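Each chain, written out:
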2 protein chains.
Amino acid sequence: MAKRRIYLEDIPLDEARAKLQAALESAGKASPLPGESVPLDEALGRVTAEPIHARLSSPHFHCAAMDGYAVSAAATVSARETRALALRLGVEAFPVNTGDPLPEATNAVIMIENVNQADESTILIYAAAAPWQHVRLMGEDMVATETVLQINHQLRPVDLGALAGCGHQQVTVRRKPRVVIIPTGSELVALPERPKRGQLIEYNSLILRGQIHEAGGEASATAIVGDDETALRQALTDAIAAKPDLILVLSGSSAGSHDFSANAIKALGDVLVHGIAVRPGHPVIIGIASDIPVIGVPGYPVSAALTGELFIVPLIRQWLGLAPLQRATIEALSTQKIASPIGDDDFLRVALAEIDGRLQATPLQRGAGVITSLAQADGLAHIPRFHEGVDRGGTIKVSLYRPLSLIKQTLLIMGSHDPMLDLLATHLRKRTSDQRIASVNVGSLGGLIALRRGEAHLAGCHLFHPESETYNVPYLQRYLPNEPLELVTFAQREQGLILAAGNPKGISSIADLRGARYINRQRGAGTRLLVDHLLTQHEISADEIAGYEHEEYTHLAVAAAVADGIGDCGMGLRSAAEAMGLDFIGLTWERFDLAIPRRHLENAGIRALLEVLRDEAFKRDLGAQKGYRSDETGIIVGS
Amino acid sequence: MAKRRIYLEDIPLDEARAKLQAALESAGKASPLPGESVPLDEALGRVTAEPIHARLSSPHFHCAAMDGYAVSAAATVSARETRALALRLGVEAFPVNTGDPLPEATNAVIMIENVNQADESTILIYAAAAPWQHVRLMGEDMVATETVLQINHQLRPVDLGALAGCGHQQVTVRRKPRVVIIPTGSELVALPERPKRGQLIEYNSLILRGQIHEAGGEASATAIVGDDETALRQALTDAIAAKPDLILVLSGSSAGSHDFSANAIKALGDVLVHGIAVRPGHPVIIGIASDIPVIGVPGYPVSAALTGELFIVPLIRQWLGLAPLQRATIEALSTQKIASPIGDDDFLRVALAEIDGRLQATPLQRGAGVITSLAQADGLAHIPRFHEGVDRGGTIKVSLYRPLSLIKQTLLIMGSHDPMLDLLATHLRKRTSDQRIASVNVGSLGGLIALRRGEAHLAGCHLFHPESETYNVPYLQRYLPNEPLELVTFAQREQGLILAAGNPKGISSIADLRGARYINRQRGAGTRLLVDHLLTQHEISADEIAGYEHEEYTHLAVAAAVADGIGDCGMGLRSAAEAMGLDFIGLTWERFDLAIPRRHLENAGIRALLEVLRDEAFKRDLGAQKGYRSDETGIIVGS
């Protein structure tokens, strides 16, 4: 194992940015990039490198603003309603269409509606024309030399029209910043290769290239460099020789890989910052080599993406002459207590929903390896340095990843998660393309508590009540006695034992759990209640079950643990076993219901959701899934 | 002249949209387009055509979450702080880096910091390892078969990362909608040709292609078709043969051109809508031919761009499975009374600024030919059908073309416009890339009135006071007696007579204005006051000046009118004469000042603006312009 740097610096975010700026200043790289001339039809989204002046006036001649006849106003003064004036066509009056230039010696247009044709060569008019009436004067839109667009302006479709209209065929825009990305890490393989056991797909370069492209830059990635300092130094030397504006070295996941990056940058230039007090994303490196800034990007994908947002995108925009991107920001109430290390700028991915008129933020999983949490996030909450976090119900600032209008149309389901809720979401989205469902998995009981707190629109639950041998209703009476609500069946699901493929331990019933390594579900999960009930029925105590304390949060996680040999057996859905290619012994069919407070029934999203539940196409799709029955789907089973 | 259809239908906006939707439904074209598979690195911004499920779990093996040693937890139970346990390397303990797969028969990682190396083959540990400590379990991020992204989701950089991470090399996205654009109009020439007198550059296709491209579609434009129904019918037939998703026929500016479009569509299919009660944009045509929707787009550029926003972009998004674009919307106070025809949906381009904490909207020029008004607009105000308009100070809804944060950083200058304010804006933008200046030209007195009403941050004025022979100060005392403000000199400017090139009328002084055709400025303009003063000095009455009643609103407009021979002479700036290649006789140097209410002096934008005014580089640039002196620029001349 290589010698390791265990301690990193912990430089505050602002200070790290200031160091980068100072280094750019002294390298002469802090200013916007120079301009290049491009044809207008390639200029959309580019940024002007100079103020643009009109070359031609627009229109560049006086022209008719109406269809009719061009005349000299002075020749029409004697016309009256009661005494028509005859004008000779081609001599005193000239037919013009809108946009036509005014013929010599004319200065007004009479609308075609106000004219009678006396004969082939004569028209009659009934009122004098005022000078310049119905005439678009030269330069009405733009006068030559006028400033049409300012410097550092990102070109939109109408801007291109304005430029063409005042005589430009080309426009001078800032050169695109060029970035070379060097991914490192011996454990990584590049797309489209498929990873073997122990290998991971390198996709941070895909995320960063996308961010750079969206910001207006160009990025290319080199081949992956293994954890070998000499090879990395060579790759860095090659990158410098190509004279890009920025080099990114993407660390692999190990601390060793990170150190190779720092050492290679140090060998060829200076390391200015090594470790930033930001979560997630600590081990960012900022250096400069041959006057080219080099950023070492942490290996965990969430850290990498946030490094892109916090350091790389702002740099691209600076080089384009654009102000930092300001996402729309809102304040939301946190549904959880959030502890935050006092010395760090802490960035949390959150799910947002508007419930009872209040915007509520629920933090998503914090692991820096969980890229799906970033893909699912509605926004990023920032808890600044020197703040300790917020209490449940406290206010946090969130910068939005999705438009607020879309967030306000999101239905938040908390409680037990069923994979088929995604099928529901798909059908809902096909019906109304802007209706989203967000689902936060807190177990069946957790969902009822969330409803009580007003933190969800609806809750998914499958809580077996042994005394009454019914599902859900007794629990609603206990946990939400004062909340008028409707309970609607979502599906009936087959629960049973998930077993390794081929069932090598020969497990055939609950009784066989004695002596097997078991994978359990968390407290409050409906499946956990079911298991406890079955164990009681079979007079088995929890102590007799090895692994009873190993808790997983989803059916798929239980199946995955069995598939990987962590345990021999777990309780869960047939669908989870099928998904992982495992054996399954069905024990019971259970009812999974949705609890919806009555005050939400008029919500347009809830109405659409109930329509989908009663839609035959959806019920057919749901019933075709292994381990599901949909004959009771959409039926109100309690209220 | 061709026979003309003078009256169009006037179908309400909603009804027109409903007719289009009904026609799409019956042609089977209302649904999102089918999918096509593209590599991930080409998928940014595309829209998923199906829900995407994880192919691999991520990580797809249990792996170390820390650098250290992988062990079997069961083998460590006897380790104590006070009684180190020795583990044999390669037998009981295996060195691992973060991300490495756990070796067979291990289920925990001990951090390197908590280990001492006894010798080459042995490590010492001081605490038992809990099962699965410092282990990233298989599927922590995604479990195979889980839904990773929903259908109809527009792909962002992190989404591409999530897809790659769970085993996708390709993704199925909606085919891009294809649009064929047919520009028509005999008066039009295509880029990069230069227009002759009577010709206009065709740029509506550039705007529409940009809008379609931004919305996620593909568009190509055919050659321009002249005002000839047979040729247009042929072009339409060719377009239909290419089987695009949508055809646009862009009318030329004349009513005749519009009729050719309607007739050609009718010859090959059906016209569903011919004229919509929307301003600007009335003469929109909606038709369908061979099951392909055909939209006839009005010729005026503002109408064309709004037809793109109201009909074409929503259609592209519908085909991509996306909800209609919802721009952020704010409420603002109108600084003007706005009359709106009661039967129409009226869309007004507005400039926005935040003054004294209130968002204020000033409507820009309403002519549908003025594309610059759309390029300058901060947003689009909508006055719905059946509303009569709003009073000054009334509230209007505005959908934003720029981020609100940027609008809040805009300084609004009202009053007299000097072309060098653009130079000021350029220097300001170079200094702080997000500081914008918007300038609304209402003349010097109009600017003071705007300040009094709190409708501008500052006002530009050059008001000569004959009695005291001073500038501006007496007017401030008269119009703003109770407003504490600072008056800062912007520039001294040379005013004089703008004459046709070569001065064919031999004008040499104010006295020669008798008998010449004069172009005047509007009442309230500083230049108008100056002219009136000079005429009084020379004992000339306004009646003696031909054209005294012809009012233009800017120096450049006066110069343009002289250049085009509408008049022989006007009063204005040397810079305007120079810009148009005209002769000039200097009469006086005048002072152009900026009046700034003291309560705005702490505004960051005003502070930056004052810094620029005192910056030597700016003063050098300004002084180098013909007809400008900058030696007093930045000096406070009154307060």
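Quick caveat, the model's predicted, so the values are computed rather than measured. (Residues numbered from 1 in each chain as written. Chains lettered and ligands numbered in written order. Predicted model: local features only at pLDDT ≥ 70, side-chain atom pairs only at ≥ 80, totals over all residues. Heavy atoms only, no water.)

### Re the packing of helix H3 (residues 204–215) of chain B against helix H6 (residues 301–320) of chain B
Residue and element names in this part refer to chain B. Just so we agree on the cut-off: Each axis is a line fitted through C-alpha atoms, and for a helix only the stretch in contact is used; angles between axes span 0 to 180 degrees, taken between their N-to-C directions. Numbering of helices and strands runs from the N terminus; a helix is a DSSP stretch of H or I covering at least four residues, while a strand is a stretch of E covering at least two. The labels follow the angle: roughly parallel below 35 degrees, roughly antiparallel above 145, roughly perpendicular from 65 to 115, and oblique for the rest. Each crossing gets its hand from how the near helix is turned against the far one by less than a right angle, where anticlockwise is left-handed and clockwise is right-handed. Note on contacts: a residue pair is in contact if any heavy atoms of the two residues lie within 4.5 Å. Under the scheme applied here, ten amino acids are nonpolar (Ala, Val, Leu, Ile, Met, Phe, Trp, Tyr, Cys and Pro), four are charged (Asp, Glu, Lys and Arg), and all others, including Gly, are polar.
The interhelical angle for the contact between H3 and H6, taken along N-to-C directions, is 25°, at an axis separation of 9 Å. Taken together, the axes of H3 and H6 are roughly parallel relative to one another. Relative to H6, the crossing made by H3 is right-handed. In this structure, H3 contributes Asn204, Ile207, Leu208, Gln211, Ile212 and Ala215 to the contact, and H6 contributes Pro301, Ala304, Ala305, Gly308, Glu309, Ile312, Val313, Ile316 and Leu320. Split into classes, the residues belonging to the contact of H3 with H6 amount to eleven nonpolar, three polar and one charged.

### Digging into the sheet that holds strand S8 (residues 115–119) of chain B
Residues and elements named next belong to chain B. Heads up, the rule is: Between any two strands, pairing holds if DSSP finds at least two bridges.
Pairing in this open sheet of three strands is antiparallel, and the strands run S5-S9-S8 from one edge to the other. Strands with a single pairing partner mark the edges of an open sheet, and in this sheet they are strand S5 (85–88) and S8. In this sheet, adjacent strand axes meet at a mean angle of 35° when their direction is disregarded. The sheet contact formed by S8 and strand S9 (residues 122–125) spans four bridges and is antiparallel. The residue of S9 that forms the bridge with Asn116 is Leu124.

### Points about the environment of Arg517(A)
All names here are of chain A. Short version of the rule: With a 1.4 Å probe rolled over the protein chains alone, any residue whose accessible area is under 20% of its type maximum counts as buried; one over 50% counts as exposed, and the rest are partly exposed. For this analysis, a polar contact is any N or O atom pair within 3.5 Å, provided that within protein one partner can donate a hydrogen and the other can accept it, and provided that sequence-adjacent residues contribute only side-chain to side-chain pairs.
Within the secondary structure, Arg517 is located in the loop between strand S34 (485–499) and strand S35 (518–521). Judged by its relative accessible area of 38%, Arg517 is partly exposed. When the C-alpha positions of Arg517 and Ala501 are compared, they lie 15 Å apart, and in sequence the two are 16 residues distant. There is a polar contact of 3.2 Å between the side chain of Arg517 and the backbone oxygen of Gly565.

### Focus: the packing of aromatic side chains
Quick reminder of the rule: Any Phe, Tyr or Trp ring, taking Trp's six-membered ring, that has another such ring centre within 6.5 Å forms a pair; planes under 30 degrees apart are called stacked, those over 60 apart edge-to-face, and the others tilted.
Under the criterion given, the structure shown has six aromatic pairs over all chains. Their ring planes at 40° and their centres at 6.3 Å tell us that Phe490(A) and Phe618(A) sit as a pair that is tilted. On the criterion of sequence distance, the pair formed by Phe490(A) in strand S34 and Phe618(A) in helix H16 (residues 616–623) is long-range, its members being 128 residues apart. Across this residue pair, the class does not change: Phe490(A) and Phe618(A) are buried. Residues Phe490(B) and Phe592(B) carry aromatic rings whose centres are separated by 5.8 Å and whose planes lie at 65° to one another, so their mutual orientation is edge-to-face. A residue pair is termed long-range when its members are at least 10 positions apart, and Phe490(B) in strand S34 (residues 485–499) and Phe592(B) in strand S38 (residues 583–597) qualify at 102 residues.

### Describing the interface of chain B and chain A
To keep it simple, the criterion reads: When two parts are put together, the accessible area they lose, computed with a 1.4 Å probe and summed over both, is reported as buried area. Salt-bridge detection follows one rule: a side-chain nitrogen of Lys or Arg within 4 Å of a carboxyl oxygen of Asp or Glu.
If you look at the interface, chain B gives 109 residues, while chain A gives 110 residues. With both sides pooled, the region where chain B packs onto chain A buries about 9,100 Å², and carbon together with sulfur makes up 61% of that total. At the surface where chain B touches chain A, the tally comes to two salt bridges. In this structure, Asp41(B) and Arg209(A) form a salt bridge, with 3.5 Å as the shortest nitrogen-oxygen distance. For the pair chain B and chain A, the interface holds 22 residue pairs in polar contact (both at pLDDT 80 or more). By residue number, the principal contributor to the side of chain B that touches chain A is helix H2 (residues 157–165) of chain B, which donates eight residues.

### Remarks on the pattern of salt bridges
Tallied over the entire structure, the rule returns 62 salt bridges over all chains. As a salt-bridge pair, Arg431(A) and Glu611(A) come within 3.0 Å of each other at their nearest N and O atoms. Of this pair, Arg431(A) sits in helix H9 (residues 421–431) while Glu611(A) is found in helix H15 (residues 604–613), placing the two residues 180 residues apart along the sequence. Of the charged contacts in the structure, one is a salt bridge between Asp391(B) and Lys337(B), with a shortest N-O distance of 3.2 Å. Pair noted here: Asp391(B) is in the loop between strand S27 (389–390) and strand S28 (395–400) and Lys337(B) is in the loop between strand S22 (329–334) and strand S23 (338–339), with a separation of 54 residues, a long-range link. The exposed category is assigned to Lys337(B), whose relative accessible area is 61%. Through salt bridges with shared partners, a single ionic network connects Glu494(A), Arg574(A), Glu578(A) and Lys626(A).

### Describing the relation of the copies chain B and chain A
We apply this condition: Least squares is the method for superposing the copies, and the C-alpha atoms it fits come from residues with pLDDT of at least 70 in both.
For the pair chain B and chain A, the relating rotation is 180°, the translation along its axis is 0.0 Å, and the fit reaches an RMSD of 0.1 Å. Given the turn and translation reported, the copies of this chain are related as if by a two-fold rotation axis. Relative to the rotation axis, the closest C-alpha in chain B is found at Ala328(B), a distance of 4.8 Å. A shared interface surface links the copies, since 100% of the contact residues of chain B are contact residues in chain A too.

### Let's talk about the side chain of Ser416(B)
All names here are of chain B. Counting through the fold element by element, Ser416 comes out in the loop between strand S29 (410–415) and helix H9 (421–431). At a separation of 3.1 Å, a polar atom in the side chain of Ser416 contacts the side chain of His462. Excluding its chain neighbours within four sequence positions, the residues that come into contact with Ser416 are Leu421, Asn441, Gly443, Ser444, Gly460, Cys461, His462 and Phe592.

### A word on the sheet that holds strand S16 (residues 218–221) of chain A
Residues and elements named next belong to chain A. Spatial strand order, S16-S13-S17-S21-S20-S18: six strands in an open sheet with mixed pairing. The open sheet is flanked by S16 and strand S18 (270–274), the only strands paired with a single partner. For this sheet, the mean inter-axis angle between neighbouring strands, taken without regard to orientation, is 20°. In this sheet, strand S21 (residues 292–297) lies alongside strand S20 (residues 285–289) in antiparallel orientation, the contact comprising five bridges.

### Brief notes about helix H4 (residues 229–241) of chain B
All names here are of chain B. What counts here: Helices are assigned an expected span. That span is 1.5 Å times one less than the residue count.
Under the 1.5 Å per step criterion, the end-to-end length of H4 is 18 Å for 13 residues, consistent within 8% with the ideal 18 Å. Summarising the contacts, the buried residues of H4 are in contact with strand S13 (178–183), strand S17 (246–250), helix H5 (255–268), strand S20 (285–289) and strand S21 (292–297). Structurally, the start of H4 carries an N-cap: the backbone nitrogen of Thr230 is 3.0 Å from a side-chain oxygen of Asp228. Just downstream of H4, Lys243 is the residue with a positive phi angle, here 50°.

### Things to note about the pairing of strand S37 (residues 569–573) of chain A
All names here are of chain A. With five of five residues buried, S37 lies mostly within the body of the structure. Where S34 lies against S37, five bridges are found, and the strand directions are antiparallel. Across the sheet, Ile498 pairs through a bridge with Gly570, a residue of S37. Note that S35 and S37 share two bridges and pair parallel. Bridging from a neighbouring strand, Ile519 pairs with Gly570 of S37.

### Side note on the environment of Asp512(A)
Residue and element names in this part refer to chain A. In this structure, Asp512 sits in the loop between S34 and S35. Judged by relative accessible area, Asp512 falls into the partly exposed class, the value being 28%. Put simply, Asp512 and Ala73 are 439 residues apart on the chain and 106 Å apart in space, counted from C-alpha to C-alpha. Residues contacting Asp512, with those up to four places away along its chain left out, are Gly506 and Ile507. One polar contact links the side chain of Asp512 to the main-chain amide nitrogen of Ser508, over a distance of 2.6 Å.

### With respect to the confidence of the model for chain A
How we decide: For every residue, the pLDDT score states the predictor's confidence, bounded by 0 at the bottom and 100 at the top.
When pLDDT is averaged across chain A, the result is 90; 98% of the residues are at 70 or more. Note on residues 1–7 of chain A: pLDDT is under 50 here. Beyond four places in sequence and across chains, it has 17 contacts.

### Observations concerning the state of the cysteines
Residue and element names in this part refer to chain A. As a reminder of what qualifies: Cysteine sulfurs are considered disulfide-paired once they come within 2.5 Å of each other.
This structure, assessed with the given rule, holds zero disulfides over all chains. Counting only cysteine sulfurs, Cys166 is the nearest neighbor of Cys63, a cysteine outside any disulfide, at a range of 16 Å. The exposure class of Cys63 is buried, given its relative accessible area of 2%. Residue Cys166 is classed as buried on the basis of its relative accessible area of 0%.

### Some words on unusual backbone geometry
Here the amide bond leading from Ser58(A) into Pro59(A) is cis, since omega sits at -10°, within 30 degrees of zero. Inspection of the secondary structure assignment puts Pro59(A) in the loop between strand S2 (52–53) and strand S3 (63–64). Even without glycine at this site, Asn152(B) takes up a positive phi of about 60°. Looking at the element boundaries, Asn152(B) is found in the loop between strand S11 (147–149) and H2.

### A look at helix H10 (residues 443–452) of chain B
Within an α-helix, residues lying three or four positions from one another point in the same direction, as the helix has 3.6 residues per turn. All names here are of chain B. Burial analysis of H10 places seven of its ten residues in the buried class, the great majority of the element. Within the sequence span of H10, burial applies to Gly443, Ser444, Leu445, Gly447, Leu448, Ala450 and Leu451. Following H10 by one or two positions, Gly454 adopts a phi angle in the positive range, close to 70°.

### What to know about the pairing of S21(B)
Residues and elements named next belong to chain B. Judged by how many residues are buried, S21 sits mostly within the fold: six of six residues are covered. Relative to S21, S17 runs parallel, the two being bridged by four bridges. Counted as the bridge partner of Val249 is Gly296 from S21. Between S20 and S21, which pair antiparallel in sequence order, lie two residues; one of them, Ser290, sits at a positive phi of approximately 50°.

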